[in-house]
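Listed below, chain by chain, are the residues.
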Amino acid sequence: MSAEWPPTEPREVEVTAGDARLVVDLRGGGLRSLTVADRGVLDGYPPGAVPAGRRGGLLFPWPNRLRDGRWTWRGRQLQLDVASPSSPTAAHGLVSWQPFAVLAQRADAVTVGTTVEPRPGYPFRLAVAVDAELSPDRLTVTVRARNAGDQAAPLGAGMHPYLAVGARQDGDVGAAELHLPARTELVVDGGLPTGERRPFDGAVGRIGDRALDTPLTDLERDADGWARVRLRGPAGGLELAVDRAWPWLQAYTGDTLPEGQRRRSVAVEPMTCPPNALADGVDLVVLEPGDEWSGTWTLTWER
């Protein structure tokens, strides 16, 4: 037998359209970088880096946090691994560090995917794929899930893009202007629901010193059924739009990120469900064996 080793270089795939360039990380299936000419549209990370704050990541089979990693499904008590004793939550799913395969590719589009195998705490088998299609002024992302097991599977999905505003230093996000199309805020403590909801005014305007790490719902949708987030900074305007498969958004101004990354961009996370949804049963997607789900979001930029 030869003494072979597996590949150790970072694995990623690139698509282009005009001067727009998207890089998808095949470790986790997330969006590592999106640039247009010399402008960063997403606030990404270097190849092979461990991105702080799940930057660009796919959040599957649940987004956000689960209190103590504990939940119950149809009478069965389940326990997921938690981040640490000081932060006893199971966060952002199971695929962040999992290898993804390229399923289809052309110059301006790519599909990547992986299989979530059953494990303690999440005994379900799911296939998940991310379709990313690029044009010179738009990125279209569709997340798809299929129950590949033999029992009904509850799940949530999300993605974690950080929208760049042209920041040069920590705190520069304060100069940007933001509109969030939501009427209701889920009140959280330590990222977990308190049980309270309250009205939310999405006309944020200039961000200034305002800190956001806020789950939002009751989204205001246009006649086409899509809800649109608008962000404008020194680099120009961005619009992130979500279809009806995403009833939740989370807005995060990066206040707890490491120095050198703090308050430089706004994470706007399309989500199917709020924090702690596996335990609380709020807005879960439940797929019977063989059933599928999909949700699409887009990001456009001013030329």
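In case you missed it, the structure is sitting above this.
A. Here's a closer look at the overall build of the protein. The secondary structure content of the protein amounts to one helix and 27 strands. At 19 Å, the protein has a C-alpha radius of gyration in line with the 19 Å of a compact globule built from 303 residues. Considered along the principal axes of its C-alpha atoms, the protein spans approximately 55 × 50 × 40 Å. Counting over 303 residues, the protein shows a buried share of 52%. Within the protein, counting contacts between residues at least 6 apart in sequence, those at least 24 apart form 67% of the total. Surface accessibility of the protein: about 13,500 Å² in total, with carbon and sulfur atoms responsible for 47%. Computed over 33 positive and 40 negative side-chain charges, the inter-centroid distance for the protein is 1 Å.

B. Local environment of the side chain of Glu269. Tracing the chain through its elements places Glu269 in strand S25 (residues 265-271). Here Glu269 sits buried without a salt bridge, and the closest side chain of opposite charge, Arg65, lies 7.2 Å off (N-O distance). Among the polar contacts made by the side chain of Glu269, one reaches the side chain of His160 at a distance of 3.2 Å. When near neighbours in sequence (up to four residues on either side) are disregarded, Glu269 contacts Leu59, His92, Met159, His160, Trp248, Leu249, Gln250 and Tyr252.

C. Quick peek at the pairing of strand S12 (residues 126-135). Within S12, eight of the ten residues are buried, which leaves it mostly tucked inside the rest of the structure. As judged from the eight bridges shared by strand S11 (residues 109-116) and S12, these two strands associate in the antiparallel manner. From the neighbouring strand, Val110 faces S12, where its bridge partner is Ala132. Sheet analysis places S12 next to strand S13 (residues 138-147), joined by ten bridges and oriented antiparallel. In the strand pairing of S13, Glu133 is matched with Thr140. As consecutive antiparallel partners, S12 and S13 are separated by two residues.

D. Spatial organisation of the pattern of salt bridges. Under the definition given, this model contains 18 salt bridges. Across the pair Arg21 and Glu14 runs a salt bridge, and its minimum N-O distance is 3.0 Å. Here Asp108 and Arg106 are joined by a salt bridge, their closest N and O atoms 2.6 Å apart. For Asp108, a relative accessible area of 23% corresponds to the partly exposed category. By sharing partners, the salt bridges in this structure join Asp222, Asp224, Arg228, Arg230 and Glu239 into a single network.

E. Region of the structure containing the packing of aromatic side chains. Following the criterion strictly, the structure yields five aromatic pairs and no others. Measuring from centroid to centroid gives 6.4 Å for Trp71 and Phe124, while their planes differ by 50°, and the two rings are tilted. Of this pair, Trp71 sits in strand S7 (residues 70-73) while Phe124 sits in the loop between S11 and S12, and the two are 53 residues apart along the sequence. You'll find Trp71 and Phe124 in the same group, each marked buried.

F. Here's a closer look at the environment of Arg244. Note that Arg244 resides in the loop between strand S23 (236-242) and strand S24 (248-252). Separated by 155 residues in sequence, Arg244 and Thr89 have C-alpha atoms that sit 28 Å apart. Setting aside residues no more than four positions away along its own chain, Arg244 makes contact with Arg221 and Gly225.

G. Structural detail: the nonpolar core. Judged by nonpolar contacts, the single largest core of 73 residues is most densely connected at Phe60, Leu139, Trp297, Leu299 and Trp301. By residue number, the principal contributor to this core is S12, which donates five residues. Look past the residues within four positions of Phe60 in its chain and what remains in contact with it is His92, Gly93, Leu94, Val95, Val116, Leu126, Val128, Ala145, Leu155, Gly156 and Ala157.

H. Region of interest: the environment of Val116. Assignment of secondary structure puts Val116 in strand S11. Along the sequence, Val116 and Glu220 sit 104 residues apart, while their C-alpha atoms lie 33 Å from each other. Non-local contacts of Val116, meaning those with residues more than four positions away in its chain, are made with Phe60, Leu94, Val95, Gln98, Phe124, Arg125 and Leu126.

I. Quick peek at unusual backbone geometry. Residues Phe60 and Pro61 are joined by a peptide bond in cis, for which omega reads 10°. The backbone of Asp218 shows a phi angle near 50°, a positive value even though the residue is not glycine. Considering the arrangement of structural elements, one finds Asp218 in strand S21 (residues 213-219). Phi angles above zero are rare outside glycine, and Asp283 is one such case at about 60°. Taking relative accessible area as the criterion, Asp283 reaches 37% and is therefore assigned partly exposed.

J. Quick look at the side chain of Gln98. As for its position among the elements, Gln98 is in the loop between strand S9 (89-91) and strand S10 (101-106). Its relative accessible area of 15% is what places Gln98 among the buried residues. Beyond its immediate stretch of four places on either side in the chain, Gln98 contacts Leu26, Arg27, Gly28, Thr114, Thr115, Val116 and Arg119.

Conventions used here
- Residues numbered from 1 in each chain as written.
- Predicted model: local features only at pLDDT ≥ 70, side-chain atom pairs only at ≥ 80, totals over all residues.
- Heavy atoms only, no water.
- Helix = DSSP H or I, 4+ residues; strand = E, 2+ residues; numbered from the N terminus.
- Rg over C-alpha atoms; globule rule 2.2 N^0.38 Å.
- Buried < 20%, exposed > 50% of the residue type's maximum accessible area, 1.4 Å probe, protein only.
- Contact = heavy atoms within 4.5 Å.
- Areas by Shrake-Rupley, 256 points an atom, 1.4 Å probe, with all protein chains shown as cover.
- Lys, Arg positive; Asp, Glu negative; His and termini not counted.
- Charge placed at Lys NZ, Arg CZ, Asp CG, Glu CD.
- Salt bridge = Lys/Arg side-chain N within 4 Å of Asp/Glu carboxyl O.
- Polar contact = N/O pair within 3.5 Å; in protein donor to acceptor, adjacent residues only side chain to side chain.
- Pairing = 2+ DSSP bridges.
- Phe/Tyr/Trp six-rings, centres within 6.5 Å; stacked < 30°, edge-to-face > 60°.
- Core = buried A, V, L, I, M, F, W, Y, C linked by side-chain atoms within 4.5 Å.

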